[in-house]
Amino acid sequence: MQNFLDIISQNATMIILFLSVLSIIELIFILIINGKFLRLNRTYNKVIKTLEKGDVFDIFSRILTENEEIKNKLDKLKIDLNSLDKEGKTAIKKVGMVRYNAFPDVGSDLSFSIALLDSNDDGIVLSGIYGRNETATFAKPIERGQSKYPLSAEEVQAIERAKRKAL
């Protein structure tokens, strides 16, 4: 036993230094654990405040009700979006116009052809033919960029311009 006490007395500074390092490490661990405890305590207090407003089943019931309301609103928005999408596909998006002189003895480019098409190249082509004594206006339906009625060169040109550029 005397040997053991001699070893301790000879290495007292090393033992004190080692114990000091261990104390510093322990202090660091205590600070880390204390920080985690404080965060957990704040979370716990928030849960308790929420529970004071009602029991857990009431809170879950309220959350489920709100979730169902949000789901219903989302379903309605999807229906509205599909409706708008269908409506948007049939809206006039492409316009092409050609002005021209239909008769050589009439000055100016007062005749015209206008193509009004949707995203599927469906729509109409309107033509106005200006002459000295009269003006005639024609409307022809267009399906997939074609008409079942004969088209003039200017009407075909207006349709092609509409296909190339959308509003």
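Parameters and conventions
Residues numbered from 1 in each chain as written. Predicted model: local features only at pLDDT ≥ 70, side-chain atom pairs only at ≥ 80, totals over all residues. Heavy atoms only, no water. Core = buried A, V, L, I, M, F, W, Y, C linked by side-chain atoms within 4.5 Å. Buried < 20%, exposed > 50% of the residue type's maximum accessible area, 1.4 Å probe, protein only. Helix = DSSP H or I, 4+ residues; strand = E, 2+ residues; numbered from the N terminus. Contact = heavy atoms within 4.5 Å. Domains from an automatic or database assignment. UniProt positions renumbered as here; feature names shortened; annotations may be inferred. Pairing = 2+ DSSP bridges. Axes fitted to C-alpha atoms, helices over the stretch in contact; angles between N-to-C directions.

Looking at an unreviewed UniProt entry, the protein carries the name DUF4446 domain-containing protein, with the source organism given as Thermoanaerobacter thermohydrosulfuricus WC1.

*Asks:* Kindly report on the nonpolar core, identifying the contributing residues and their values.
*Replies:* The biggest cluster of nonpolar side chains holds nine residues, and these are Val98, Tyr100, Ala115, Leu117, Val125, Ile142, Ala158, Ile159 and Ala162. Among the secondary structure elements, those contributing two or more residues to this core are strand E1 (94-100), strand E2 (111-117) and helix H4 (153-164). A per-element tally of this core places H4 first, with three residues. In this structure tyrosine 100 touches Asp109, Leu110, Ser111, Phe112, Ser113, Ile129 and Glu154, once residues within four positions along its chain are discounted.

*Asks:* So what about the domain arrangement of the protein? Which residues, and what values?
*Replies:* By domain assignment, the protein separates into domain 1 (1-86) and domain 2 (94-165). The C-alpha-based centres of domain 1 and domain 2 are spaced at 72 Å.

*Asks:* If you had to explain the UniProt feature "transmembrane region" (unreviewed entry) in the protein to someone new, which residues and values would you point to?
*Replies:* Look at the UniProt record and you will see "transmembrane region" (unreviewed entry) annotated at residues 12-33. End C-alpha atoms of residues 12-33 are separated by 31 Å, and the span's content is 100% helix alongside 0% strand.

*Asks:* Give a detailed account of the sheet that holds strand E4 (residues 135-142), specifying residues and quantitative values.
*Replies:* Note on sheets: strands pair through backbone hydrogen bonds, and any given pair is parallel or antiparallel. With respect to topology, four strands assemble into an open sheet ordered E1-E2-E3-E4, the strand pairing being antiparallel. The sheet is open, and its two edges are formed by E1 and E4, each paired on a single side. Neighbouring strand axes in the sheet, compared pairwise and without regard to direction, differ in orientation by 10° on average. Strand direction decides the pairing type here: E1 and E2, joined by seven bridges, are antiparallel. By the bridge assignment for E2, valine 98 is matched with serine 113. Packing against the sheet, H4 makes contact with E1, E2, strand E3 (123-130) and E4, and its axis sits at approximately 145° to E1.

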